[in-house]
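Residue-level listing of the chains:
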Amino acid sequence: MRRKLNLLPLLIVAIIYFALNAYVLSGLGTINQSSLLSPIFWVFIIGLTFALFFAIQQMRIQGINKFFQIVSHAFLIVFASEIVFAFFLLLGDIYRLLIGLATNFEPGGFHIAGRSSYWVDFAFIMFCLTIALFAYGITQGKYAYRVIKHTLYFDDLPAAFDGFTLTQISDVHSGSFTNPKAVQKGIDMINAQKSDLFVFTGDLVNNASSEIVPYIGHFSQIKAPFGQFSVLGNHDYGDYIKWPSEAEKIQNLNQLKAYHKELGFKLLLDEHVELHKNGEKIILAGIENWGIGFGERGDLNKALQNTNVNDFKILLSHDPSHWDAQVKNYPSKIQLSLAGHTHGMQFGIEAFGIKWSPVKYRYKHWAGIKTENGRYLNVNRGFGFLGFSGRIGIWPEITVIELKRK
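Looking at an unreviewed UniProt entry, one finds the protein chain named Metallophosphoesterase, with Pedobacter jeongneungensis as its source organism.

> For this particular structure, what's the right way to read the nonpolar core?
In globular proteins that are soluble, nonpolar side chains generally tend to be buried together. Core analysis: the largest hydrophobic core is formed by 30 residues, its most contacted members being Ile 169, Phe 177, Val 183, Ile 212, Phe 219 and Phe 383. Elements with a contribution of two residues or more to this core: helix H5 (180-192), strand S5 (197-200), helix H6 (216-219) and helix H7 (246-263).

> Would you mind showing me how to read the UniProt feature "transmembrane region" (unreviewed entry) in the protein chain here?
Taken from the UniProt record, the annotation "transmembrane region" (unreviewed entry) applies to residues 7-24, 36-56, 76-98 and 118-139. For residues 7-24, the end-to-end C-alpha separation is 26 Å, with 100% helix and 0% strand making up the annotated structure. The distance separating the terminal C-alpha atoms of residues 36-56 is 30 Å; by composition the span is 95% helix and 0% strand.

> What am I meant to see in the UniProt feature "domain: Calcineurin-like phosphoesterase" (unreviewed entry) in the protein chain here?
According to UniProt, the "domain: Calcineurin-like phosphoesterase" (unreviewed entry) feature falls on residues 165-344. Secondary structure across residues 165-344 comprises 26% helix and 20% strand; the distance between its end C-alpha atoms is 24 Å.

> Explain the sheet that holds strand S8 (residues 271-277) to me, please; I cannot follow it from the model alone.
Sheet strands pair by backbone hydrogen bonding; their relative direction is either parallel or antiparallel. Here six strands make up an open sheet; going across it, the order is S8-S9-S10-S11-S15-S14 and the pairing mixed. Two strands in the sheet have a free side with no partner beyond their single neighbour: S8 and strand S14 (368-372). Each adjacent strand pair in this sheet contributes to an overall mean axis angle of 20°, direction not counted. Here four bridges tie strand S11 (residues 336-339) to strand S15 (residues 375-379), and the two strands are oriented parallel to one another. Note that in S15 the partner of Leu 338 across the bridge is Asn 378.

> How should I be thinking about the pattern of salt bridges in this particular structure?
Where charged atoms of side chains with opposite charge meet at close range, the side chains can pair. In total, this model carries 13 salt bridges according to the counting rule given. For Asp 324, the salt bridge identified is with Lys 328, shortest N-O distance 3.1 Å. Assessed through its relative accessible area of 9%, Lys 328 is described here as buried. Counted as one network, the salt bridges with shared partners bring together Asp 324, Lys 328, Lys 364, Lys 370 and Glu 372.

> Can you help me understand the packing of helix H1 (residues 7-31) against helix H3 (residues 66-103) in this one?
Two numbers describe a pair of packed helices, the interaxial angle and the distance between the axes. For the pair H1 and H3, interaxial distance at closest approach is 9 Å and the crossing angle is 65°. Read as a crossing pair, H1 and H3 show a hand that is left-handed. The residues of H3 that touch H1, namely those facing Tyr 17, Leu 20, Asn 21, Tyr 23, Val 24, Ser 26, Gly 27 and Leu 28, are Phe 75, Phe 79, Glu 82, Ile 83, Phe 85, Ala 86, Leu 89, Leu 90 and Asp 93. Across the contact of H1 with H3, the residue classes tally to 12 nonpolar, three polar and two charged.

Cut-offs used in this document
- Residues numbered from 1 in each chain as written.
- Predicted model: local features only at pLDDT ≥ 70, side-chain atom pairs only at ≥ 80, totals over all residues.
- Heavy atoms only, no water.
- Core = buried A, V, L, I, M, F, W, Y, C linked by side-chain atoms within 4.5 Å.
- Buried < 20%, exposed > 50% of the residue type's maximum accessible area, 1.4 Å probe, protein only.
- Helix = DSSP H or I, 4+ residues; strand = E, 2+ residues; numbered from the N terminus.
- UniProt positions renumbered as here; feature names shortened; annotations may be inferred.
- Pairing = 2+ DSSP bridges.
- Axes fitted to C-alpha atoms, helices over the stretch in contact; angles between N-to-C directions.
- Salt bridge = Lys/Arg side-chain N within 4 Å of Asp/Glu carboxyl O.
- Left-handed = near helix turned anticlockwise from the far one by under 90°.
- Contact = heavy atoms within 4.5 Å.
- Nonpolar A, V, L, I, M, F, W, Y, C, P; charged D, E, K, R; others polar.

Okay, structure coming up:
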């Protein structure tokens, strides 16, 4: 039986979308009175909207192609810029209304002054800046790698590991890369840290294992004295595309695991290793993806089997929701957890003491260091990108953590 399509939500969205564009057009009409403005504006908006619908239909059949990427990004840039323009235009209109209420009670009736071209010009400047910001994010921001360093102090860190360093990256999403030279710049920055240990916390590909093949030569350059270790993320299982058969999906995952080995990464699948230094040790554990809403595959008990409650433990777990759900209160203390997954939504503000991204409404802790119950969590902002082919304000991250004894 076919599901009945509920048209009401679509109608509401269409009305809001039409109202937004009509309001934007009214503002543009203040600074450009040409009779051609309105028809050109509507032809462009309607054409772009229909192109997006067509691209979505194509994507459902053929997957994400170049046409979909161009149209979806054009729509996103225009839509975001219109919202910014409308926001500042609305502030100006509210100001006009308040001034009218305060000063314009006259015998002839209530009058509101016309829009100030200066205010509309300012809104239009912000519109243009938004477009420029998106253009930068798409062309440069997605490869603008940042090294972020943390020094963490522990009462129970073995003395031999005082000053031990590790480098973490996450969410490579190699299927999204288009610039091998820029990726190599990131690899060189990783190796330049000269950390004792390298860890990768999942999402090597978007969907198919073949996506990493062009970049095996790049990521296999990463070396650390205590080794290179990795775990799987939600995208690595191939859950987000349709496979001809379940057998092919399983084969894709097995091939991806083989590619981890080819990269020189020891893939930890609900297991742990011991890292030894000067007669002392720490535990490095890794689990399969465990994330609320993204598959709860990992088995923490299995990963820590045969470890001691007093061992110093580092856990690789792709999704930070796992830390809140299990790790921070786990009976056997896990001193440090390393995650990724959120990408910081590839959009936000981290400047002037402000730390904000829309992803905060989905994840309590979405980037950087969090501490609770004497345990630390670090959420890496991601090395690559997915969906939106760019980054704005939330730059790709290489994390370096130094472990110190208190």
